[in-house]
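# Summary of the model geometry
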Amino acid sequence: MSLLLRTLAANRIGMDVLLEHLGIGRSIYLAGSRLRTVAWTAGIDSDWLQQRTVQRHTEAGDRFFVLAGHRVHGRLLVRGACPQLCAKCVHAGGCCLLPWELACVCACPLHNSLLLDRCQRCRAVIRWNRQALDVCHHCQWPFAPSSESAEVPAGAIRWSTWITQRLGDPPYAAACALGMPRWLDGLSIDGAFRVVEAFGCIEQDARPVEHRSQALISARSMAQMLDRGLNRLNMLEVSSAEQRQLVDLVDLPTLERLAKYGITETDRLTGRALLRAGGLRRPKSMRKGGRRQRGQLSLFDSEAP
Ligand SMILES: [Zn+2]
Ligand SMILES: [Zn+2]
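The structure reproduced in this document is the subject of the present report.

Definitions and limits used
Residues numbered from 1 in each chain as written. Chains lettered and ligands numbered in written order. Predicted model: local features only at pLDDT ≥ 70, side-chain atom pairs only at ≥ 80, totals over all residues. Heavy atoms only, no water. Helix = DSSP H or I, 4+ residues; strand = E, 2+ residues; numbered from the N terminus. Core = buried A, V, L, I, M, F, W, Y, C linked by side-chain atoms within 4.5 Å. Buried < 20%, exposed > 50% of the residue type's maximum accessible area, 1.4 Å probe, protein only. Contact = heavy atoms within 4.5 Å. Expected span 1.5 Å × (residues − 1). Pairing = 2+ DSSP bridges. Axes fitted to C-alpha atoms, helices over the stretch in contact; angles between N-to-C directions. Parallel < 35°, antiparallel > 145°, perpendicular 65-115°, else oblique. Nonpolar A, V, L, I, M, F, W, Y, C, P; charged D, E, K, R; others polar.

### A short note on the environment of Thr270
The residue Thr270 is located in helix α11 (residues 265-277) in this model. Along the sequence, Thr270 and Leu258 sit 12 residues apart, while their C-alpha atoms lie 8.1 Å from each other.

Below you can see the structure in the form of structure tokens.
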């Protein structure tokens, strides 16, 4: 999308104008004849373009996205029409990076800053339909670098580094080399995120989770959730005393969805193993909703998968 936007900017054409002119609708997901039409218009190879855009699929009623060969479920993970970016990277390289399409890649390891999901000047949500890569579609001012760089949680940087590498060509850094549990390497990107989400989406005081009611959460909230989740996963490997602190802080429905609908067999087995390891499976009477009561279930008392 960034190459397309750059091509359009060079010709002073808005993306909405082009899509309307081509009669292919406003969806940013390109496939089949729509993808070929856009590739032809931009003068690029359609296979090359397909590899570098998010593809949306539906298979046996299951809707998922494919990103550089990795399959992910959309909820919370694909930013779609609300992109994010690192202003410094865009200024330096003149393009947006594919990993930024994933909401869980919320930080730039190179510049140690959160990705921007809003214009720093007018607070408008960033859109693809802008005049140039580095300019806000609403106020037309160049994007300023994130002002929150000093506060980026370390876990968000480590996670963003790992996912960015996994979306590229191997070899990539092992999770444990970045201070994360080594068994995350065996999971798909989607599965690893669901585990971290399950352990990180509930705040310390067990307040309701922001993202439960939203299609997308901010880069700041995502960074805090990842950091919390990774810290708690590391606690699993420490001691039973540490593990006891996790009671009521693991989101069971997320683990149950992973156990049932995980993208790979390893994802599903890991979901089941985590539920079993901590005795976390909810009683049948509670499966359809409602949080378990404090102390109702046993603690983590065996090893993580
Ligand atoms: Zn950057
Ligand atoms: Zn703006």
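Right, picking up where we left off after that structure.
### Considering the nonpolar core
Judged by nonpolar contacts, the single largest core of 75 residues is most densely connected at Leu102, Trp159 and Phe199. Elements that contribute at least two residues to this core include exactly β2 (62-67), α5 (87-93), β4 (107-108), α6 (154-166), α7 (189-200), α8 (219-236), α10 (252-261) and α11. Broken down by element, the residue count for this core peaks at 9 residues, all from α8. Ignoring anything within four residues of it in the chain, the contact list for Trp159 reads Cys104, Met180, Ala192, Phe193, Val196, Leu226 and Leu230.

### Some points on α8
For the α-helix, the turn length of 3.6 residues means that residues three or four positions removed from each other point alike. For α8, built from 18 residues, the straight-helix expectation of 26 Å at 1.5 Å per residue is met to within 8% by its first-to-last C-alpha distance of 26 Å. Most of α8 sits out of view: 14 of its 18 residues are buried.

### A word on the sheet that holds strand β3 (residues 70-72)
Ordered in space as β1-β2-β3, the 3 strands form an open sheet in which the pairing is antiparallel. Among the strands making up the open sheet, the edge pair consists of β1 (55-59) and β3. Averaged over all pairs of adjacent strands, the angle between strand axes in this sheet comes to 35 degrees, irrespective of strand direction. Bridge analysis of β1 against β2 gives 5 bridges, and the strand direction is antiparallel. Paired with His57 across the strands is Phe64, a residue of β2.

### Some thoughts on the packing of α7 against α8
One way to put it is that α7 packs onto α8 with a least axis distance of 7 Å and a crossing angle of 90 degrees. In terms of axis orientation, α7 runs roughly perpendicular to α8. Residues Phe193, Val195, Val196, Glu197, Phe199 and Gly200 of α7 touch α8, and the partners they reach there are Met222, Met225, Leu226, Arg228, Gly229, Leu230, Arg232, Leu233 and Leu236. Grouping the constituent residues of the contact of α7 with α8 by class yields 10 nonpolar, 2 polar and 3 charged.

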